[in-house]
Amino acid sequence: MTDAISSILSQIRAHEMRMRGPDAAPGNAIAPSALAPGATAGSAAAPGFQQTLNNAIDSVSRAQNTSGALQQAFEMGDPRADLARVMVAMQQSSVAFKATVEVRNRLVQAYQDVMNMPV
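Predicted, not measured: the structure shown is a model, and the values here were computed from it. (Residues numbered from 1 in each chain as written. Predicted model: local features only at pLDDT ≥ 70, side-chain atom pairs only at ≥ 80, totals over all residues. Heavy atoms only, no water.)

Caption draft 1: Here's a closer look at a nonpolar patch on the surface. Together, Phe74, Leu83, Met87 and Met90 give the surface a local cluster of nonpolar side chains, amounting to about 340 Å² of exposed area. It is helix 4 (residues 83–115) that provides the largest number of residues to the nonpolar patch, a total of three residues. Along the chain, methionine 90 falls in helix 4. (Patch = residues over 30% accessible without salt bridge, like charges linked within 9 Å, V, L, I, M, F, W, Y side chains within 5 Å. Areas by Shrake-Rupley, 256 points an atom, 1.4 Å probe, with all protein chains shown as cover. Salt bridge = Lys/Arg side-chain N within 4 Å of Asp/Glu carboxyl O. Helix = DSSP H or I, 4+ residues; strand = E, 2+ residues; numbered from the N terminus.)

Caption draft 2: Up close: the nonpolar core. In this structure, Leu70, Ala73, Ala81, Val86 and Ala89 together form the largest nonpolar core, which totals five residues. Mapped onto this core, the elements with two or more residues apiece are helix 3 (49–76) and helix 4. Setting aside anything within four residues of it in sequence, one finds alanine 73 in contact with Asp78 and Ala81. (Core = buried A, V, L, I, M, F, W, Y, C linked by side-chain atoms within 4.5 Å. Buried < 20%, exposed > 50% of the residue type's maximum accessible area, 1.4 Å probe, protein only. Contact = heavy atoms within 4.5 Å.)

Caption draft 3: Main features of the packing of helix 3 against helix 4. Where helix 3 contacts helix 4, the two axes come as close as 9 Å, and the packing angle between them is 150 degrees. In this view, helix 3 runs roughly antiparallel relative to helix 4, as classed from their interaxial angle. Once helix 3 is placed against helix 4, the crossing between them reads as left-handed. Contacts between helix 3 and helix 4 pair Phe49, Leu53, Val60, Ala63, Gln64, Ser67, Leu70, Gln71 and Phe74 from the former with Leu83, Arg85, Val86, Ala89, Met90, Ser93, Ala96, Phe97, Thr100 and Leu107 from the latter. A class-by-class count of the residues in the contact of helix 3 with helix 4 yields 13 nonpolar, five polar and one charged. (Axes fitted to C-alpha atoms, helices over the stretch in contact; angles between N-to-C directions. Parallel < 35°, antiparallel > 145°, perpendicular 65-115°, else oblique. Left-handed = near helix turned anticlockwise from the far one by under 90°. Nonpolar A, V, L, I, M, F, W, Y, C, P; charged D, E, K, R; others polar.)

Right, here's the structure in full:
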């Protein structure tokens, strides 16, 4: 399971790097503009954690909706919805959902670890 999580995290980092552009800092580095309290309004800001998480959840939702629509089309006898496409869409949806649940579990665990730290 940890190999799957590592794979998904690397895919998320790669996607984030594509979204930021070629001159962006690595995923674990803090961008210099994030440190400067008076950053200029004209500078292009990379999407934050919340936006990245929202985009990921929206992507999972779209995958589930597509899977459901293909399942329904297959059940109705639509010739464009062949069994192979339906099964692939279902598996993509399932993997995306499992990855989302795993990320949520990691976030909850991190929150609990922080809350249990002695002050």
